Amino acid sequence: MSKTKGNQHPLTMGLFVIYLLALIWIILFKMSLSLQELPEFRGMNFIPFGGSVITNDRLDLSEIINNIVIFVPFGLYLCMVKPEWRLIKNLILIAAVSFSFEIIQFIFAIGGTDITDLLGNTLGGVIGIGIYSLLYKWITKRNTNKILTILALIGTICFIALFGLLFVANH
């Protein structure tokens, strides 16, 4: 098993790229298989936990939880591919990627730009960093990366299988 210049296994980098593509498909393309199916909606919410996450006068926790969960792997992957980075650098990158998604949604009118999404996504990335840190303390770095890469490979295979089923069911 050869490693790349950054002392990282190429499989981990490949899985990270697949994860980023899946993230783009989920957030920007709304899991749509056709550009015609994308919603034409442009909205902005600058009030944390208000506006878009309020349904029937109640806080819609499922949207917040989904935003958190979908970014947990981002934090894990960052720690695996950039172990030398400090927490603040990881945090800035996670927030910048989330902010970019929000801006792209606004520019192309494919969703609401929402501060709650930015906060949830960033929290998810931080949780991923925390999970990595805990695993790193319990087991060695080499084994942590190996275990997480195997889990990511299994998850990626399942995701691709589900995507394939979705594609077949819609065509």
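Everything numeric in this text was worked out from a predicted model, so none of it was measured.

Draft legend 1. A look at the confidence of the model for the protein chain. Taken residue by residue, the protein chain gives an average pLDDT of 87. The fraction at 70 or more is 91%. At the low end of the mean pLDDT range in the protein chain sits strand E2 (residues 54–55), at 64; at the high end sits helix H3 (residues 87–107), at 96. Counted against residues more than four places away or in other chains, residues 1–7, with its pLDDT under 50, gives 7 contacts.

Draft legend 2. Representation of the side chain of Ser98. Turning to its location among the elements, Ser98 is positioned in helix H3. Residue contacts for Ser98: discarding those within four places in its chain leaves Phe71, Asp117, Leu118 and Asn121.

Draft legend 3. Highlighting helix H2 (residues 61–81). Compared with an ideal rise of 1.5 Å per residue, which puts 21 residues at 30 Å, H2 spans 31 Å between its outermost C-alpha atoms and is within 8% of the ideal. At Phe71, H2 shows its largest bend, some 25 degrees, and a proline, Pro73, comes one to four positions later.

Draft legend 4. Layout of the packing of helix H1 (residues 10–27) against H2. Relative to each other, H1 and H2 sit at 155 degrees, their axes nearing to 10 Å. Classed by the angle they form, the pair H1 and H2 counts as roughly antiparallel. The two elements H1 and H2 meet at a crossing, and its hand is left-handed. Along its contact with H1, which presents Thr12, Met13, Leu15, Phe16, Tyr19, Leu20, Leu23, Ile26 and Ile27, the element H2 presents Ile70, Phe71, Pro73, Phe74, Tyr77, Leu78, Met80 and Val81.

Draft legend 5. The arrangement of unusual backbone geometry in detail. Of note, Met31 is a non-glycine position whose phi angle comes to about 60 degrees, a positive value. Tracing the chain through its elements places Met31 in the loop between H1 and strand E1 (41–45). Accessibility expressed as a relative area gives 47% for Met31, which makes it partly exposed.

Draft legend 6. Structural detail: the packing of helix H4 (residues 115–138) against helix H5 (residues 141–170). In contact at an axis separation of 8 Å, H4 and H5 are set at 130 degrees when each is read in the N-to-C sense. Taken together, the axis directions place H4 and H5 in an arrangement best described as oblique. Where H4 crosses over H5, the two elements pack in a sense that is right-handed. Of the residues in H5, those in contact with Tyr132, Leu135 and Tyr136 of H4 are Lys141, Thr144, Asn145 and Leu148. Looking at the contact of H4 with H5 residue by residue, the class counts come to 4 nonpolar, 2 polar and 1 charged.

Rules behind the numbers
Residue positions are given per chain, counting from 1 as you read along its sequence in written order. Restriction of local features to residues with pLDDT of at least 70 applies here, the model being predicted, together with a cutoff of 80 or more for giving and counting side-chain atom pairs; totals for whole chains, interfaces and linings are based on all residues. Computation of side-chain values: all heavy atoms of the structure, hydrogens and water removed. One confidence number per residue, pLDDT, is output by the predictor and ranges from 0 to 100. Secondary structure follows DSSP: runs of H or I at least 4 residues long count as helices, runs of E at least 2 residues long count as strands, and numbering of each begins at the N terminus. Contacts are residue-level and defined by heavy atoms, with any inter-residue pair within 4.5 Å sufficient. Here the expected span of a helix is defined as 1.5 Å times the quantity of residues minus one. Two axes are fitted around each residue, one to the seven residues ending there and one to the seven starting there, and the angle between them is reported as the bend at that residue. Only the stretch in contact is used when a helix axis is fitted, and all axes are lines through C-alpha atoms; the angle between N-to-C directions ranges over 0 to 180 degrees. In what follows, roughly perpendicular refers to angles from 65 to 115 degrees, roughly parallel to angles under 35, roughly antiparallel to angles over 145, and oblique to any angle outside these ranges. By definition, turning the near helix anticlockwise from the far helix through less than a right angle yields a left-handed crossing, and turning it clockwise yields a right-handed one. Using a 1.4 Å probe on the protein chains alone, a residue whose accessible area is under 20% of its type maximum counts as buried, one over 50% counts as exposed, and one in between counts as partly exposed. Residue classes follow a fixed rule: Ala, Val, Leu, Ile, Met, Phe, Trp, Tyr, Cys and Pro count as nonpolar, while Asp, Glu, Lys and Arg count as charged, and any other residue, Gly among them, counts as polar.

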